[in-house]
Amino acid sequence: MCANVFGVLKSLFGKPFDGGKRMDHGSSQQQQHHPGEQQQQQPYRAQHPAMTRLYQVQRETASLGPQVCTFSGLQGDRDYKRLERELTRLLLEVDQVDTEGKPELQGARKRAASEVEGLLRYLEENATHPSRLAIEQISDDVRRLVDERIVVPQRSGGVAEINDELVDLLQELVLRLTQVKTEGRVPLRKARYRALTRLCAVQDVIEGRTQQQTLSLPLSGETHEAVHRINQIMVKVSVARSQLVALLMGLSGRDSCAHLSRILTEMQAELDALDVSGDTAIRNYRKQVVEEINGLLKHLDLEGEGDDTRRYDLAGNNSIREIEAVRAHVSHLREGVLRHCLMGDMSFRPKAELQSLLTHLDQVDTARNPCIREARRRAVVEVQAIITFLDLREALVCRQMGPNEHPPHRAVWMVLGSLSDLQAQVLGFDGKRADKSYMLLEELLTKQLLSLDAVDPQGDESTKVARKQAVKFAQNILNYLDMKTDEWEY
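Residues numbered from 1 in each chain as written. Predicted model: local features only at pLDDT ≥ 70, side-chain atom pairs only at ≥ 80, totals over all residues. Heavy atoms only, no water.

### Some remarks on the overall build of the protein
Part 1 of the reasoning: A tally of helices and strands in the protein yields 18 helices and zero strands.
Part 2 of the reasoning: Residues counted as buried form 41% of the 490 residues belonging to the protein. (Helix = DSSP H or I, 4+ residues; strand = E, 2+ residues; numbered from the N terminus. Buried < 20%, exposed > 50% of the residue type's maximum accessible area, 1.4 Å probe, protein only.)

Structural data, given as structure tokens:
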């Protein structure tokens, strides 16, 4: 949408309206002179005042376009209200232009109004888009969690309890954010990136804490005093950590980044002044605390995070390029596997190549970016889906039914045979969830799960294990089908 807005702006307003033509009826004949006859042309007339004013509006509209197309906030934000006010003013000015009934002016005024209205619509659509509201809802959930678990206990004089449950809850919120659809819109991608950046910073701050150390005694009085001072600074660091988390999530009240930066810098100076040269253990302890303070300081410059296109637009990221190259290779191998299976040929088994691709993906540097991590995870799932398909096909081919085979066990294998055929269709599926073929596949897979649920193992342990594995296999196929159609993008 934004690209379209810019394209129309360029086509309509790349030069003055009507190229500065005269507005009288004879102008069309007077423009056909040969260059050598320029001295015979009538003197250039000034552009019509109405056209001049429309051209001024065009320039103002063009200057606001980039701001509108990168605005990632909500309707209540100050910048939204400013942009809306400026565009509304331009629209009123266009409406007030007197065209004197001339078609050229009427057309120009209509185009100018259309462009301003287009920007207004784009601004409102992104600020009220369901994905933008979803991003804000998740951000609100993060703020409530952080406020309840970290900020409030610290402000009331207690100690924030940072445990595995809190870490897991934050990770779940990160995953929810990465799965928000942006439809390729810059404002939505930017909003999601900014929210992710802050949430990941909170994760980093929480997980990077240093536990207060108690060194073994006896220690000299001077050395013991150094440990005592470092422990006191650790208490201050704990408070600063909570203040930083509050700043990152907009819960800071009167605190500011500059104030917290000054406090952390003073702590560093106090640590540097301690004489710990005589004890390696205490020196390492101080080093840990200094590194933690540096880790907090690096998160104090997030105000402009996400404004740089190269940061939130991952299309040019080297890690994403690596992942996409692997996915292209996987797609080629998948087509080959399906083509050979269709012909009943099981000789094409590129498992070694697929395993090497998994190793390659494992080595991709995600730089702790949740979007890159999710892109890598999805590529891994694609590789694993082909491997499990090949393994099941081979097991079905090698399977030998004995005359005394337990009937429930045979029933499980029959379902596995059906699941293998369905997985082949899922691997080759390239559509959307609204497609009939998707709904049919989902229904057939669900029926196989119901068939497995109806199998009574009759106390046979091998049948119990086989049925459990088959259920997991069917669920994995369903999950893979959902992943292929959830329209996720980095």
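Structure shown, so let's carry the discussion forward.
### What to know about unusual backbone geometry
Part 1 of the reasoning: Backbone geometry places Glu100, a non-glycine residue, at a positive phi of 55°.
Part 2 of the reasoning: Mapping Glu100 onto the fold places it in the loop between helix H4 (78–95) and helix H5 (103–127).
Part 3 of the reasoning: Looking at Glu100, the relative accessible area reads 47%, which means it is partly exposed.
Part 4 of the reasoning: The phi dihedral of Gln458 is positive, around 55°, even though this residue is not glycine.
Part 5 of the reasoning: With respect to the secondary-structure elements, Gln458 resides in the loop between helix H17 (436–453) and helix H18 (461–485).

### Remarks on the packing of helix H7 (residues 164–178) against helix H8 (residues 186–207)
Part 1 of the reasoning: Contact pair H7 / H8: the axes reach a minimum separation of 10 Å and the direction vectors enclose 165°. In terms of orientation, H7 and H8 fall into the roughly antiparallel class. Between H7 and H8 lies a crossing of left-handed hand. Contact residues: Leu166, Val167, Leu170, Gln171, Leu173, Val174, Leu177 and Thr178 in H7; Arg192, Ala195, Leu196, Leu199, Val202, Gln203, Ile206 and Glu207 in H8.
Part 2 of the reasoning: A breakdown of the residues in the contact of H7 with H8 according to their chemical character gives eleven nonpolar, three polar and two charged. (Axes fitted to C-alpha atoms, helices over the stretch in contact; angles between N-to-C directions. Parallel < 35°, antiparallel > 145°, perpendicular 65-115°, else oblique. Left-handed = near helix turned anticlockwise from the far one by under 90°. Contact = heavy atoms within 4.5 Å. Nonpolar A, V, L, I, M, F, W, Y, C, P; charged D, E, K, R; others polar.)

### Section: the environment of Arg149
Part 1 of the reasoning: Summarising the element assignment, Arg149 is placed in helix H6 (residues 130–155).
Part 2 of the reasoning: Arg149 sits in the partly exposed class, given a relative accessible area of 21%.
Part 3 of the reasoning: Arg149 sits twelve residues away from Glu161 along the chain, and the two C-alpha atoms are 6.8 Å apart.
Part 4 of the reasoning: Separated by 3.3 Å, the side chains of Arg149 and Glu165 make a polar contact. (Polar contact = N/O pair within 3.5 Å; in protein donor to acceptor, adjacent residues only side chain to side chain.)

### Here we look at helix H14 (residues 351–362)
The periodicity of an α-helix, 3.6 residues per turn, causes residues three or four positions apart to be oriented the same way.
Part 1 of the reasoning: Along its twelve residues, H14 runs 17 Å from first to last C-alpha, staying within 8% of the 16 Å computed at 1.5 Å per residue.
Part 2 of the reasoning: Within the sequence span of H14, burial applies to Leu354, Leu357, Leu358 and Leu361. One side of H14 holds all its buried residues, which, seen down the axis, span an arc of 105°. For H14, exposure combined with an orientation more than 90 degrees from the buried face picks out Ala352 and Asp362.
Part 3 of the reasoning: Check the buried side of H14 and you find it contacts helix H13 (318–342) and helix H15 (370–398). (Expected span 1.5 Å × (residues − 1). Arc of directions from axis to C-beta.)

### Comments concerning the pattern of salt bridges
Part 1 of the reasoning: A complete count under the given rule lists 27 salt bridges for this structure.
Part 2 of the reasoning: A salt bridge links Glu324 to Arg327, with the nearest nitrogen and oxygen atoms 3.4 Å apart. Of the two residues, Glu324 and Arg327 both sit in helix H13, three residues apart, roughly one turn of that helix.
Part 3 of the reasoning: For Glu374, the salt bridge identified is with Arg378, shortest N-O distance 3.3 Å. Here Glu374 pairs with Arg378, and both are found in helix H15, just four residues apart, close to one helical turn.
Part 4 of the reasoning: Since its relative accessible area comes to 9%, Arg378 is described here as buried. (Salt bridge = Lys/Arg side-chain N within 4 Å of Asp/Glu carboxyl O.)

### Observations concerning the environment of Leu342
Part 1 of the reasoning: With respect to the secondary-structure elements, Leu342 resides in helix H13.
Part 2 of the reasoning: On the accessibility criterion, Leu342 (77% relative accessible area) is exposed.
Part 3 of the reasoning: Placed 82 residues apart in sequence, Leu342 and Ala424 show a C-alpha to C-alpha distance of 9.2 Å.

### Looking at the confidence of the model for the protein
Part 1 of the reasoning: Per-residue pLDDT for the protein has a mean of 81; in total, 82% of the residues score no lower than 70.
Part 2 of the reasoning: Predicted confidence for residues 8–46 stays below pLDDT 50, and this span has 40 contacts to residues more than four positions away or in other chains. (pLDDT = per-residue confidence, 0-100.)

### So, the side chain of Ser319
Part 1 of the reasoning: When you line up the elements, Ser319 lands in helix H13.
Part 2 of the reasoning: Residue class for Ser319 comes out buried when judged on its relative accessible area of 9%.
Part 3 of the reasoning: Setting aside residues up to four positions removed in sequence, Ser319 forms contacts with Val364, Asp365 and Ile372.

### Some points on the packing of H13 against H14
Part 1 of the reasoning: Contact geometry for H13 and H14: axes closest at 11 Å, N-to-C directions at 165°. With respect to H14, the element H13 is oriented roughly antiparallel. Crossing hand, H13 versus H14: left-handed. From H13, Glu322, Ile323, Val326, His329, Val330 and Leu333 reach across to H14, where they touch Glu353, Leu354, Leu357, His360 and Leu361.

### Regarding the side chain of Glu292
Part 1 of the reasoning: On the secondary structure map, Glu292 appears in helix H11 (residues 280–297).
Part 2 of the reasoning: For Glu292, a relative accessible area of 7% corresponds to the buried category.
Part 3 of the reasoning: A distance of 2.3 Å separates polar atoms of two side chains, one belonging to Glu292 and the other to Arg241.

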